Amino acid sequence: MAKIDSELSRTFSEYLLLPNLTTREMNSENVSLVTPLVKYKKGREECPIQMNIPMVSAIMQSVSGDRMAIALARSGGLAFIFSSQTIESQCEMLVRAKKYKAGFVSSDSNLKPDDKLSDILKLKEKTGHSTVAITDDGSANGKLLGIVTSRDYRVSRLPSDARISEFMTPISEVVYGQEGITLSEANDIIWDHKINQLPILDDEGRMVAFVFRKDYDRHKENPAEFLDNHKRLMVGAGINTHDYKDRAPALIKAGVDVLCIDSSDGFSEWQKDTLNFIRENYGPDFPIGAGNVVDAEGFRYLAEAGASFIKVGIGGGSICITREQKGIGRGQASALLKVAAERDRYFAETGVYIPLCSDGGIVYDYHMALALAMGADFVMLGRYFARFDESPGRTLSVNGNYVKEYWGEGSERARNWQRYENSGDDGQMLFAEGVDSYVPYAGKLKDNVDTSLAKVSATMVSCGSLTIDEFQKKARLVIVSPTSIVEGGAHDVIRKDS
């Protein structure tokens, strides 16, 4: 008969943190959220890659595109560009994100001189951008022939079929910078000429990037940017266990910083094969995460196979229905506590520390703090990031409320059979493990991340901790009863309408 684990399968909402002594130096300004991304030996200072905040975005079509990769890295975290697309399109997203250089933006609004005003208006409606680069071939890297901004035309005075060449600002009148210019130098030119954008050109006059006045100001507001050794944003990408022999080399050639195997269940020989391929071809230190697992055995298997970090959790995401479809999984809190205990044993035995990524189960901001206290080094979030401007989903108005589209990788919409082991002979999914839905629109990523991390920092201070490592060692947890959960919110009052 089956073995039975008598421990309850618990979620984050069933736990609270007990406060520790808050000393005088304990304040949020002194909290460090720097956290290891990949395995290391000995002390934490030996970790070769450390994120500035403990947040990564889920490997999902509705979450992690190039815009998300840029925005999250600018805030100190890491996005994993989704793998349920062609290798070519994933590499293109990766290159666009890696080309972003702290204020230097690859142009994604481009047309040709022979295009019309109607094309400008359609592009503006699609992207929201009022600045359009006019190049010889209409591409982001074509030879710049002119610029169009909202000051170059008035819809009421120009026919919709007017050619762009008739009203654009020609290159002879455009102020531009040469490739190799620093951000500070570019900003000086912007201010000296009282312009809002500066195109950056190579020696042949081809577009390299734009520098916008507003982006320079935002750059100064992002001191925690997660950068590589060349001062470019760190960008991750997902791979699967089917076409990894083609996908991984292409992504590595395109400049990916970190890979992560995307699977609902990582305790498999397919993941070991994928890890072996990376280790044999790219060495023992190339960063690649694996998972997901929910127990000690799963952790040991992937640790010994060479994973750089390990994801924890099966079926805990708001969009995931793996548990109800297959009866497989574990409450996220219980899974994390089990795996973290094994990770610590592994560290004591081998001297190798393998970071844990808690994937799923985050409903409220305080759940992030609980995940860190329970042993996670960082959390992977899907629904949380899907709500923001930078996610790929459309923003819609539904019943008077603004929402963003959000769908699971195991949904019929994603049709990502490569991530799941339930496909038929024709490659079609036999059943879904995710749903298609909406989430409330929440605005810009940075504003929301800053607020969420302020709450995490405040929680750490109340627990007498200034670092995540210290937090994990000092944290005290208590299991709450159903009535205690009710007591923890507003109750027995008549709330005013907001």
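Residues numbered from 1 in each chain as written. Predicted model: local features only at pLDDT ≥ 70, side-chain atom pairs only at ≥ 80, totals over all residues. Heavy atoms only, no water.

### A look at a nonpolar patch on the surface
- A surface patch of nonpolar side chains, about 500 Å² in accessible area, is lined by Leu16, Leu18, Val363, Tyr364, Tyr366 and Val478.
- Turning to its location among the elements, Val478 is positioned in strand S25 (residues 476-479).
- Under the relative-accessibility criterion, Val478 is labelled partly exposed at 33%. (Patch = residues over 30% accessible without salt bridge, like charges linked within 9 Å, V, L, I, M, F, W, Y side chains within 5 Å. Areas by Shrake-Rupley, 256 points an atom, 1.4 Å probe, with all protein chains shown as cover. Salt bridge = Lys/Arg side-chain N within 4 Å of Asp/Glu carboxyl O. Helix = DSSP H or I, 4+ residues; strand = E, 2+ residues; numbered from the N terminus. Buried < 20%, exposed > 50% of the residue type's maximum accessible area, 1.4 Å probe, protein only.)

### Side note on the pairing of strand S9 (residues 132-135)
- Residues of S9 alternate between two faces, with Val132 and Ile134 on one and Ala133 and Thr135 on the opposite face, all of them buried.
- One ladder, built from two bridges, connects strand S8 (residues 110-111) with S9; its direction is parallel. For Leu111, the partnering residue across the bridge sits in S9 and is Ile134.
- In this view, the connection linking S8 to its parallel neighbour S9 by way of helix H3 (residues 117-127) has right-handed handedness.
- Pairing analysis gives four bridges linking S9 to strand S10 (residues 144-148), with the strands arranged antiparallel. Along S10, the bridge assignment pairs Val132 with Val148. (Pairing = 2+ DSSP bridges. Right-handed = clockwise from strand over helix to strand, strands pointing away.)

### With respect to the pairing of strand S15 (residues 236-239)
- By the alternation rule, side chains of S15 split into Gly236 and Gly238 and Ala237 and Ile239, which are all buried.
- Relative to strand S16 (residues 258-261), S15 is paired through four bridges, and the arrangement is parallel. The partner of Ala237 across the bridge, within S16, is Leu259.

### Some words on the sheet that holds strand S23 (residues 401-407)
- If you trace the three strands from one edge of the open sheet to the other, you get S22-S23-S24, paired in antiparallel fashion. Here the strands that pair on one side only, and so sit at the sheet edges, are strand S22 (395-398) and strand S24 (436-440). When strand polarity is set aside, the average angle formed by the axes of neighbouring strands in this sheet is 50 degrees.
- Sheet analysis places S23 next to S24, joined by five bridges and oriented antiparallel. From the neighbouring strand, Val403 faces S24, where its bridge partner is Pro440. (Axes fitted to C-alpha atoms, helices over the stretch in contact; angles between N-to-C directions.)

### With respect to the environment of Leu336
- Mapped onto the elements, Leu336 comes out in helix H10 (residues 332-350).
- Taking the C-alpha atoms as reference points, Leu336 and Phe12, 324 residues apart in sequence, are found 9.9 Å from one another.
- Not counting residues up to four positions away in its chain, the partners in contact with Leu336 are Phe12, Val312, Leu356, Ser358, Ala371, Met374 and Ala376. (Contact = heavy atoms within 4.5 Å.)

### Section: unusual backbone geometry
- Cis geometry is adopted by the peptide bond preceding Asn292, which originates at Gly291 and carries an omega value of 15 degrees.
- Positive phi, close to 55 degrees, is recorded for Lys194, a residue that is not glycine.
- By secondary structure assignment, the location of Lys194 is in the loop between helix H4 (183-192) and strand S13 (197-201).
- For Lys194, a relative accessible area of 70% puts it in the exposed group.
- Unusually for a residue other than glycine, Asn399 sits at a positive phi of about 55 degrees.
- Relative to the helices and strands, Asn399 resides in the loop between S22 and S23.

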